[in-house]
Each structure stands twice: as C-alpha cells, then as structure tokens.
Amino acid sequence: MRNKLQGAVLFIKRVAADAQNRKLPGNMATKKGLSKGILTFLNGRCRIFFIFVKLCTTCAELQAKQRGFEQSVVNKEHTLIFLTGFSGSGKSTIGPLLANSLGYEFVDLDQSIEQDTGKTITRIFAEEGEEFFRALELQRLSALVTQNNMIISLGGGALENDLAYALIQKSGTLVYLKSPSKTLARRLCNKTDRPLLRGEKGRKLSREEIEEKISTILAKREPRYESADITVETDIKRIGSTVEELTRKIERFVRSASATADDQ
Ligand SMILES: Nc1ncnc2c1ncn2[C@@H]1O[C@H](COP(=O)(O)OP(=O)(O)O)[C@@H](O)[C@H]1O
Ligand SMILES: O=C(O)C1=C[C@@H](OP(=O)(O)O)[C@@H](O)[C@H](O)C1
Ligand SMILES: [Mg+2]
C-alpha cells in the first residue's frame with residue numbers, strides 16, 4: 001500500500017514536470033497560424049493545469065506521510081508490556097520483579113505521574129478530580145509507547161479512557177493480573193492510597209463495603225481487562241510463582257508474535 005502511494009506520488013510529479021514544460025513553442029504557433037493571444041491563452045491553461053497537478057501532488061504526499069505514521073504505530077512492538085488489573089491485583093509489586101526476571105526496564109505509571117506532578121495520586125484526585133487524572137495517565141502513556149523491552153504497571157483504571165486503551169492495544173502486549181474481589185478487598189482494606197475505594201468525603205470503608213465497591217467497578221471494567229493478550233490469576237499464587245509464570249508466558253508470546261510478524 002505504501003509503495004503504491006509512493007508510486008502514485010512519483011507518477012503525479014512526472015506529469016507535473018511534463019505539464020510545466022508543455023508550453024507551445026513560439027515558432028510552431030506561428031507555423032500553425034496561431035495568434036499571440038491564443039498562444040498566451042493556451043499557456044495560461046497549461047499553468048492552471050500545472051497548479052492543479054501540484055495540488056494533487058501535495059495531497060498525495062500528505063497521504064503517504066500519514067500512512068507512514070499510521071504504519072509505525074500499528075507495527076506493534078510486543079516487548080512493551082502493560083500490566084493491567086484491578087487495584088491490589090499486584091501490578092506495582094510484580095512489575096519490577098518481572099522486569100528484573102526478563103531483563104526489561106520498568107515504569108510504574110502512577111509513580112511516574114507522582115514524580116512529574118510532585119503530587120500524590122490521592123491529592124490529584126482530591127484537588128483536580130478523576131477526569132484530570134485520566135488525562136495525565138494518557139499524557140504519560142503517549143510519551144512511553146515508543147519504548148520496548150519495558151514493563152509498564154498501569155493504574156487499575158487506565159483502560160477506562162478509550163484513547164489510552166486504543167494506544168495500549170496498538171503499542172504492545174497487554175497482561176491481565178486477575179483476582180476475585182474478596183482477595184482484592186483483603187489486600188486493600190488497610191491501604192490509604194486508593195481514593196476510589198473511599199466513601200464520601202474520604203471516609204474509610206469497612207472491608208465488606210470495599211468488597212462491594214470493588215465488585216461493582218470490576219464488573220464494569222472486566223471486558224477490557226479480559227481482552228488482554230495474556231491473563232494470569234494472582235489469587236492463591238505466591239508472588240514468586242506469578243513472576244515465573246508470567247516470564248514464561250511473555251517470552252512465549254513475544255516469540256510467537258514476532259515469528260508471525262516475520263511471516264507476513
Ligand atoms: N499473591 C499475591 N500477588 C500479588 N500481590 C500480593 C499477593 N499477596 C499479597 N499481595 C499484596 O497485595 C498488594 C498488591 O498491591 P499493588 O502491588 O500495589 O497492586 P496494584 O498496583 O495492582 O494496585 C501488595 O501489598 C502485595 O504485597
Ligand atoms: O482503579 C483505579 O481507577 C485507580 C487505581 C490506582 O492504581 P492501582 O491499580 O495501582 O492501585 C491509581 O491509578 C488510582 O488510584 C486510580
Ligand atoms: Mg499500582
């Protein structure tokens with residue numbers, strides 16, 4: 001497709017060059033008995049045609065550039081790994097261990113937002129609200145998607161933003177750390193840094209209330225979590241076993257995805 005577009009641009013350029021030279025020679029016009037007025041008229045037409053062709057060339061070049069950009073995004077680098085899953089599923093704990101095991105770089109999206117803004121996630125939620133935080137997530141992600149050989153631990157709600165979800169799908173491999181709400185509530189009930197799991201005016205919720213809240217949000221988010229390339233249950237497994245399982249699964253996935261890409 002790209003070659004065809006480049007071919008079309010070259011062809012149109014050649015026609016444009018011909019058009020530019022296609023002035024009627026004065027002596028030929030005289031031979032055919034054409035007056036100077038007619039000659040000027042015909043040359044004027046040639047110039048209009050040339051301008052038209054030049055415009056077509058510019059459009060085709062722009063299209064080719066756009067095509068090139070789209071292709072560079074679509075050419076998915078499978079060694080950029082995004083960890084997703086609900087709060088408490090272990091993304092921030094497992095991410096650096098997994099990166100170590102695979103020999104990859106590691107970035108925690110929440111931590112990098114806190115570093116960039118100089119504010120904690122809790123404070124960003126309290127002062128600017130959730131929507132603003134989602135925009136920050138998208139902004140940080142956009143800067144990271146050109147990387148490879150990297151593990152990125154997302155925040156549990158990062159896939160809620162349609163643009164962020166599309167960007168993640170296009171740019172790398174999505175891994176879902178799956179746990180039931182009961183386990184998540186147990187892991188999170190004593191943590192104070194999950195603003196979404198607080199009640200009105202930041203009230204601390206009971207473990208039962210947290211579990212109920214998690215179930216409601218999880219049901220809404222699950223379709224996007226479940227669309228991941230790789231899923232691992234982190235419920236009854238020890239952290240070390242999850243890291244080992246993920247290392248194997250990611251290595252296998254990256255190998256087979258690269259082999260498929262080579263065949264095409
Ligand atoms: N089997 C397990 N897998 C993952 N995390 C576990 C496990 N058992 C206990 N935890 C604890 O649960 C918490 C998970 O929190 P965190 O890594 O911040 O998750 P997330 O980034 O997904 O919100 C950590 O305190 C971790 O030590
Ligand atoms: O579920 C969510 O919407 C959020 C999860 C958090 O990250 P973890 O999943 O690492 O807790 C953090 O991004 C923010 O508090 C919002
Ligand atoms: Mg986290």
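Within each chain, residue numbers correspond to sequence positions counted from 1 in written order. Throughout, the order in which chains and ligands are written sets their labels, letters from A for the former and numbers from 1 for the latter. Per-residue local features are limited, in this predicted model, to residues with pLDDT of at least 70; the limit for side-chain atom pairs, both in listing and counting, is 80 or more; totals at the level of whole chains, interfaces and linings are taken over all residues. Calculated side-chain values reflect all of the structure's heavy atoms, with hydrogen atoms and water omitted.

Draft legend 1. Expanded view of the site of ligand 2. Only a single heavy atom is needed: when it lies within 4 Å of a molecule or strand, its residue is near that molecule or strand. In the vicinity of ligand 2 there are 14 residues, among which Ser87, Lys91, Arg134, Gly156 and Arg194 approach most closely. The contact in question runs from an oxygen atom of ligand 2 to an N or O atom on the side chain of Arg194, over 2.6 Å. For the area figures, the Shrake-Rupley method with a 1.4 Å probe applies, and any residue is considered shielded solely by the protein chains shown. The fraction of the free accessible surface of ligand 2 (380 Å²) that becomes covered by protein chains is 96%. By the criteria applied, helices consist of DSSP H or I runs no shorter than four residues and strands consist of E runs no shorter than two, each listed in order from the N terminus. Those elements that place two or more of their residues in the shell around ligand 2 are α6 (121–128) and α7 (130–144). Here the residues of the shell around ligand 2 sort into five nonpolar, four polar and five charged. Identification of polar contacts relies on pairs of N or O atoms within 3.5 Å, with a donor-acceptor requirement for protein atoms, meaning one able to donate a hydrogen and the other able to accept it, and with residues adjacent in sequence counted only if both atoms are side-chain atoms. Polar here means any residue other than Ala, Val, Leu, Ile, Met, Phe, Trp, Tyr, Cys and Pro, which are nonpolar, and Asp, Glu, Lys and Arg, which are charged; Gly is therefore polar.

Draft legend 2. Region of interest: the site of ligand 1. In the vicinity of ligand 1, 14 residues are found, and the nearest of them are Gly88, Lys91, Thr93, Arg194 and Lys237. One of the side-chain nitrogen or oxygen atoms of Ser92 is found 2.9 Å away from an oxygen atom of ligand 1. Within the side chain of Thr93, one N or O atom sits 2.4 Å away from an oxygen atom of ligand 1. Coverage of ligand 1 by the protein amounts to 77% of the 560 Å² it exposes when considered alone. Broken down by element, the residue count for the shell around ligand 1 peaks at three residues, all from helix α4 (residues 91–102).

Draft legend 3. Highlighting the sheet that holds strand β4 (residues 173–178). The rule for pairing is simple: two strands pair if DSSP sees at least two bridges between them. Spatial ordering of the open sheet is given by β2-β3-β1-β4-β5, a layout of five strands whose pairing is parallel. Edge positions in the sheet fall to β2 (105–108) and β5 (230–233), since each has one partner strand and no second. If you compare each strand with its neighbour and ignore which way they point, the axes differ by 20° on average. Contact between two residues is taken to exist if any of their heavy atoms lie within 4.5 Å; hydrogens are not considered. A fitted line through C-alpha atoms serves as each axis, taken over the contacting stretch for helices, and the angle formed by two N-to-C directions is quoted from 0 to 180°. Sheet strands touched by helix α5 (residues 109–117): β2 and β3 (150–153). Its angle to β2, the strand with the most contacts, is close to 70°. Strands β1 (80–84) and β4 of the sheet are contacted by helix α10 (residues 207–226), whose axis makes an angle of about 140° with β4.

Draft legend 4. Fine view of the UniProt feature "binding site: ATP" (unreviewed entry) in the protein. When the UniProt feature table is mapped onto this chain, "binding site: ATP" (unreviewed entry) is found at Gly88, Ser89, Gly90, Lys91, Ser92, Thr93 and Arg194. Look at Gly88 and you get buried, because its relative accessible area is 14%. Ignoring sequence-local partners within four residues, the contact set of Gly88 consists of Leu184, Arg187, Leu188 and Arg194. Note on placement: Gly90 falls in the loop between β1 and α4. Beyond its immediate sequence surroundings of up to four residues, Gly90 is in contact with Gly95, Leu177 and Arg187. UniProt positions are given in the numbering used here, feature names are shortened, and annotations may be inferred rather than shown by experiment. When a residue's accessible area, from a 1.4 Å probe over protein chains only, is under 20% of the maximum for its type it is buried; when over 50% it is exposed; and in between it is partly exposed.

Draft legend 5. Highlighting the pairing of β1. Burial of β1 is extensive: five of the five residues sit out of reach of the surface. The alternating pattern of β1 places Leu80, Phe82 and Thr84 on one face and Ile81 and Leu83 on the opposite face, and all of these are buried. Note: β1 against β3, four bridges, orientation parallel. Counted as the bridge partner of Leu80 is Met150 from β3. Here β1 pairs with β4 via four bridges, running parallel. The residue bridging Leu83 from the neighbouring strand is Val175, located in β4.

Draft legend 6. Broad picture of the UniProt feature "binding site: Mg(2+)" (unreviewed entry) in the protein. Here the UniProt feature "binding site: Mg(2+)" (unreviewed entry) sits at Ser92. Along the chain, Ser92 turns up in helix α4. Beyond its immediate chain neighbours, meaning those up to four positions away, Ser92 contacts Asp108 and Ser153.

Draft legend 7. Representation of the pattern of salt bridges within the structure. The salt bridge criterion pairs a side-chain nitrogen of Lys or Arg with a carboxyl oxygen of Asp or Glu, the two atoms within 4 Å. Considering all chains together, one arrives at 14 salt bridges under this definition. In this structure, Arg134 and Glu137 form a salt bridge, with 2.9 Å as the shortest nitrogen-oxygen distance. In this pair, Arg134 and Glu137 are both assigned in helix α7, three residues apart and thus about one turn of the helix distant. Grouping residues by exposure puts Arg134 and Glu137 together as buried. Here Glu245 and Lys249 are joined by a salt bridge, their closest N and O atoms 3.1 Å apart.

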